[in-house]
Amino acid sequence: MLILLRRRRKNTADTSGGADTRGAYAAGGNVLITGASSGIGRATAVYLAACGFDVIATSRDASRLDGLLAEAAGLSGSINGVELDINSDAEVARVVPTLIERRGAMEALVNNAGFGLWGPVETLSDAELKAQFETNFFAAVRMTQAALPAMIQRRRGTIVNISSVLGRLGTPFNGAYVSSKFALEGISESLKTEVQPFGVRVTMVEPGLFRTNFPDNTIRGAEADGESVYSPYIGRYHLNRDMFHRFGGDPARVARVVHKVITSPAPNFRNPVGIDARSATLAARVLPERVFWRILSKATMRH
């Protein structure tokens, strides 16, 4: 079911935080964001609306968007809520073209919705892995396929896929999430070249650790916590992870990168966000492979 919850406030104040909106892709137009009820999606919706964009924020449950819509007051753009199950072929095929018909062309699609599935790969079921890929990979492809025809016809538009630093390197017990993001990065590389002749850009935003409810929403595999040979390493992993999460950044930093990508005449394809994401990807590229993996293992599974 499609539910439009309109909240629009316009003023002349500059609320863009000094963001540069010059160039062929200046601020303005419709941006559709999936998974906008919390975390990075919510921060991005607010930031883009403050910069003058008309944001279409989606969630599977429209009531989860109430807090976001309340933040639209005083912004120079707008935020509109849409209830949308991105895992439904039929719903996406019906809702996205309807939105384009009613509201006009999309300046950008931000595929942000996703969740984490945690546990040793050996313990994960096929059903758990399929559910992980359904939301993190297939839903993004589904949304992209629905938005692309209008962008190609218009010869303009940007697909922003929110990946992760874990879309570039794997960490223990995150194999399901990591593989879904690796897949998203791979298909985005192919798509980038395919749609470039039609003026459509495809980009990746790769956050590191940020202060969101992602850890709380991570699903643990049904067999992940059973006593096993992995148990001592899982305990050490949790101790190290909790220490690292204390240094998580403000998700508004990711929102600023999304804005930069959308408004840039020539955005980078990969955009790591956060010192941890940048340093990890740099280390993986320049260090000898054995040295890098030794450091990663020590950082995640050892005291």
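Structure first, text after, so check above.
Residues numbered from 1 in each chain as written. Predicted model: local features only at pLDDT ≥ 70, side-chain atom pairs only at ≥ 80, totals over all residues. Heavy atoms only, no water.

Trainee: Can you lay out the pattern of salt bridges for me, pointing to particular residues and giving the numbers?
Mentor: This structure, assessed with the given rule, holds 11 salt bridges. Measuring nitrogen to oxygen at the nearest pair gives 3.8 Å for the salt bridge that ties Arg60 to Asp85. Taken together, the residues Arg60 in the loop between strand 3 (54-59) and helix 2 (66-70) and Asp85 in the loop between strand 4 (78-83) and helix 3 (89-103) connect sequence positions 25 residues apart. For Arg60, a relative accessible area of 48% puts it in the partly exposed group. Among the residues examined, Asp85 registers a relative accessible area of 28% and is labelled partly exposed. A salt bridge links Arg142 to Glu134; its shortest N-O distance comes to 2.7 Å. Glu134 gets classed as partly exposed once you look at its relative accessible area, which sits at 25%. It is possible to trace a salt-bridge network through shared partners that takes in Arg168, Glu185, Glu189, Glu206 and Arg270. (Salt bridge = Lys/Arg side-chain N within 4 Å of Asp/Glu carboxyl O. Helix = DSSP H or I, 4+ residues; strand = E, 2+ residues; numbered from the N terminus. Buried < 20%, exposed > 50% of the residue type's maximum accessible area, 1.4 Å probe, protein only.)

Trainee: Break down the packing of helix 3 against helix 4 (residues 126-154) for me, with residues and values.
Mentor: Helix 4 packs onto helix 3 with a crossing angle of 30° between their chain directions and a minimal axis gap of 9 Å. By the angle between their axes, helix 3 is roughly parallel relative to helix 4. The handedness of the crossing between helix 3 and helix 4 comes out as right-handed. Only Arg142, Met143, Ala146, Ala147 and Ala150 of helix 4 make contact with helix 3, whose side of the interface consists of Asp89, Val92, Val96 and Ile100. (Axes fitted to C-alpha atoms, helices over the stretch in contact; angles between N-to-C directions. Parallel < 35°, antiparallel > 145°, perpendicular 65-115°, else oblique. Left-handed = near helix turned anticlockwise from the far one by under 90°. Contact = heavy atoms within 4.5 Å.)

Trainee: Explain a nonpolar patch on the surface residue by residue, including any values.
Mentor: A surface patch of nonpolar side chains, about 390 Å² in accessible area, is lined by Leu282, Val286, Leu287, Val291 and Ile295. Considering the arrangement of structural elements, one finds Val291 in helix 10 (residues 289-301). Overall, the relative accessible area of 30% leaves Val291 in the partly exposed class. (Patch = residues over 30% accessible without salt bridge, like charges linked within 9 Å, V, L, I, M, F, W, Y side chains within 5 Å. Areas by Shrake-Rupley, 256 points an atom, 1.4 Å probe, with all protein chains shown as cover.)

Trainee: Lay out unusual backbone geometry with the relevant residues and their values.
Mentor: The backbone of Arg155 sits at a positive phi, close to 60°, despite the residue not being glycine. Its location among the elements puts Arg155 in the loop between helix 4 and strand 7 (157-162). Phi at Phe173 is positive, roughly 70°, even though this residue is not glycine. Tracing the chain through its elements places Phe173 in the loop between strand 7 and helix 5 (175-195).

Trainee: I'd like to hear about a positive patch on the surface, residue by residue, with values.
Mentor: Taken together, Arg290, Arg294, Lys298 and Arg302 make up a surface patch of like positive charges. Tracing the sequence through the fold places Arg290 in helix 10. (Lys, Arg positive; Asp, Glu negative; His and termini not counted. Charge placed at Lys NZ, Arg CZ, Asp CG, Glu CD.)

Trainee: Give me the lowdown on the side chain of Thr144, citing residues and values where you can.
Mentor: Take Thr144: it is sitting in helix 4. Ignoring anything within four residues of it in the chain, the contact list for Thr144 reads Leu109, Asn111, Ile159, Asn161 and Leu191.

Trainee: With reference to specific residues and values, describe helix 5.
Mentor: Over its 21 residues, helix 5 extends 30 Å from the first C-alpha to the last, a length consistent with the 30 Å expected when each residue adds 1.5 Å. Looking at the buried side of helix 5, the elements it contacts are strand 6 (117-118), helix 4, strand 7, strand 8 (200-207), helix 6 (214-217) and strand 10 (270-273). (Expected span 1.5 Å × (residues − 1).)

Trainee: For the pairing of strand 10, give the residues involved together with the corresponding values.
Mentor: What you see with strand 10 is a clean split: Asn271 and Val273 sit on the buried side and Arg270 and Pro272 on the side with no burial. Direction of pairing for strand 8 relative to strand 10: parallel, over a ladder of 4 bridges. Following the sheet pairing, Met204 is matched in strand 10 by Arg270. (Pairing = 2+ DSSP bridges.)

Trainee: So what's going on with the nonpolar core? Residues and values would help.
Mentor: Among the nonpolar cores identified, the biggest contains 34 residues, and Val55, Ile79, Val205 and Ile262 are the most heavily contacted of them. With 8 residues, helix 1 (residues 39-50) is the single largest residue contributor to this core. Judged by nonpolar contacts, the second largest core, of 30 residues, contains Met106, Ala113, Leu148 and Leu184. (Core = buried A, V, L, I, M, F, W, Y, C linked by side-chain atoms within 4.5 Å.)

Trainee: I'd like to hear about helix 1, residue by residue, with values.
Mentor: With 12 residues, helix 1 extends 17 Å from end C-alpha to end C-alpha; this agrees with the ideal 16 Å at 1.5 Å per step. Taken across its 12 residues, helix 1 has 10 buried, putting it largely inside the fold. Where helix 1 is concerned, the buried positions are Ile40, Gly41, Ala43, Thr44, Ala45, Val46, Tyr47, Leu48, Ala49 and Ala50. Residues of helix 1 that are buried sit in contact with strand 2 (30-33), strand 3, helix 2, strand 4, strand 8 and helix 8 (252-263). At the C-terminal side of helix 1, Gly52 shows a positive phi close to 100°.

Trainee: So what about the environment of Ile162? Which residues, and what values?
Mentor: Looking at the secondary structure, you find Ile162 in strand 7. For Ile162, a relative accessible area of 5% gives the class buried. A C-alpha to C-alpha distance of 8.1 Å links Ile162 and Ala113, two positions 49 residues apart in sequence. Sequence-distant contacts of Ile162, defined by excluding residues within four places in its chain, comprise Val110, Asn111, Asn112, Lys181, Leu184, Val205, Pro207 and Val258.

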